[in-house]
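Each chain, written out:
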Amino acid sequence: PSRKARFRRRVLCQTLAGNHCDLLTITSFGGSPETLRHRKGVVITGRVHPGESNASWMMKGALDFLTGPSLDAKILRDNFV
């Protein structure tokens, strides 16, 4: 499957400047809603404060890994949201 099939994106809120703050949900979506409901959630944030531009690169690496084809990433998607 493509990377797009492994995540969903929606606007969580807007910043004070009016920029969209996105929420990305990464998991294996093939299961039933009940299965998804019982998975533990993990929250990863980046660039919470001004000047944290290095966090953008950390987040890119995390997103590339979690949406990638590796077995480790698949195990994480199958067990967590």
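Not measured: the values here are computed from a predicted model.

Another aspect to go through is the environment of Trp57. Mapped onto the elements, Trp57 comes out in helix H2 (residues 54-66). Residue class for Trp57 comes out exposed when judged on its relative accessible area of 64%. Residues Trp57 and Gly46 lie eleven residues apart in sequence; the distance between their C-alpha atoms is 9.1 Å.

Next up on the list: a nonpolar patch on the surface. A cluster of nonpolar side chains, contributed by Val42, Ile44, Met58, Phe65, Leu76 and Phe80, occupies part of the molecular surface with about 500 Å² of accessible area. Looking at the element boundaries, Ile44 is found in the loop between helix H1 (33-38) and H2. Overall, Ile44 belongs to the partly exposed group, its relative accessible area being 44%.

Before going further, it helps to spend a moment on the packing of aromatic side chains. Scanning the model with the defined rule gives zero aromatic pairs in all. The ring of Phe29 is capped by Arg8, whose NZ or CZ atom sits 3.8 Å from the centre of that ring.

To continue, consider the pattern of salt bridges. Two side chains with opposite charge may pair up if their charged atoms get near one another. Under the counting rule described, the total for this entry stands at four salt bridges. The closest approach of N and O atoms between Glu34 and Arg37, which form a salt bridge, is 2.7 Å. Separated by three residues within a single helix, Glu34 and Arg37 lie in helix H1, roughly one turn from each other. With relative accessibility at 40%, the residue Glu34 sits in the partly exposed group. Of the charged contacts, one joins Lys60 and Asp64 as a salt bridge, the two residues approaching to 2.7 Å between their closest N and O atoms. On the criterion of helical spacing, the pair formed by Lys60 and Asp64 is a turn pair, its members being four residues apart in helix H2.

Criteria and cut-off values
Residues numbered from 1 in each chain as written. Predicted model: local features only at pLDDT ≥ 70, side-chain atom pairs only at ≥ 80, totals over all residues. Heavy atoms only, no water. Helix = DSSP H or I, 4+ residues; strand = E, 2+ residues; numbered from the N terminus. Buried < 20%, exposed > 50% of the residue type's maximum accessible area, 1.4 Å probe, protein only. Patch = residues over 30% accessible without salt bridge, like charges linked within 9 Å, V, L, I, M, F, W, Y side chains within 5 Å. Areas by Shrake-Rupley, 256 points an atom, 1.4 Å probe, with all protein chains shown as cover. Salt bridge = Lys/Arg side-chain N within 4 Å of Asp/Glu carboxyl O. Phe/Tyr/Trp six-rings, centres within 6.5 Å; stacked < 30°, edge-to-face > 60°. Lys NZ or Arg CZ within 6 Å of the ring centre and 35° of its normal.

These figures capture arrangement, not role.
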